[in-house]
Amino acid sequence: MPPPPEAAGRVRRFSRPVRWVHRATAALMLTCVATAACLYVPQLAELVGRRHLVVTVHEWSGLLIPVPLLAGLSARSLRADLGRLNRFGPHDRQWLRAVRRRDHRPASRPAGKFNAGQKLYAAWIAGAVLVMAGTGLLMWFTGLAPLMWRTGATFVHDWLALAIGVVLGGHIAMALADPEARRGMRTGSVERRWARREHPLWREPG
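Residues numbered from 1 in each chain as written. Predicted model: local features only at pLDDT ≥ 70, side-chain atom pairs only at ≥ 80, totals over all residues. Heavy atoms only, no water.

Draft legend 1. How the structure looks around the overall build of the protein chain. Scanning the protein chain for helices and strands turns up 10 helices and two strands. The N-to-C order of helical and strand elements in the protein chain reads β-α-α-α-α-α-α-α-α-α-β-α. With the C-alpha coordinates of the protein chain rotated into their principal frame, the extents come out at 60 × 45 × 35 Å. Each of the 206 residues in the protein chain was classed as buried or not, and the buried ones make up 31%. In the protein chain, the share of contacts with a sequence separation of at least 24, taken over all contacts with a separation of at least 6, comes to 66%. Carbon and sulfur atoms make up 67% of the accessible area of the protein chain, which amounts to about 13100 Å² in all. (Helix = DSSP H or I, 4+ residues; strand = E, 2+ residues; numbered from the N terminus. Buried < 20%, exposed > 50% of the residue type's maximum accessible area, 1.4 Å probe, protein only. Contact = heavy atoms within 4.5 Å. Areas by Shrake-Rupley, 256 points an atom, 1.4 Å probe, with all protein chains shown as cover.)

Dropping the structure here:
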């Protein structure tokens, strides 16, 4: 039996339910973005074909995005992490000021379990998903609203989809640049030294 993470100089960062919710949500989000690209980029649309199938997959993957989170709310660890993501403190403002000044010193970017950038990303993507779901429903069920509303919903849906693609690209790029952060989401644990350097205000388990 392998030793516990703490015995190998590692600390537990994410529970199994949190990792499951993240993976399931990421899979649905990427499916939604990929199918949207196949619908709006002519070259991809011609390459993939089967437009009706792509539309169906896009609609259902979009509607299912909130499901993993709602299912995971039964886990105390997920609720605790959501509470941390939803709280801003003075150290978060200091972190954002350091980012604005391009100050990369660890001491100038204090963070708890989640830094201010992660908190802003989580809040933005949650709001964007709600707006996309609402506008998508107006586009899907044409009898829900008059034509003017549906036209506005289409405009918002299309441009917000582009913004989500850009933001997701940035999120993935930052994850690729930090192997230990990826390992934490993949295995649930991170090196203690990494935790102390990147999240010094986070209460270490054990």
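And the narrative resumes.
Draft legend 2. Representation of the packing of aromatic side chains in the model. A full pass over the atoms with the stated rule returns four aromatic pairs. Each ring, one from Trp 140 and one from Phe 141, has its centre 5.0 Å from the other, and the planes form 20°; the classification is stacked. Each residue in the set Trp 60, Trp 140 and Phe 141 is aromatic and connected to the rest through ring pairs, giving one cluster. Cation over ring: Arg 13 sits above Phe 114, and NZ or CZ is 5.7 Å from the ring centre. In this structure, Arg 109 is placed above the aromatic ring of Trp 95, and the distance from its NZ or CZ to the ring centre is 5.6 Å. (Phe/Tyr/Trp six-rings, centres within 6.5 Å; stacked < 30°, edge-to-face > 60°. Lys NZ or Arg CZ within 6 Å of the ring centre and 35° of its normal.)

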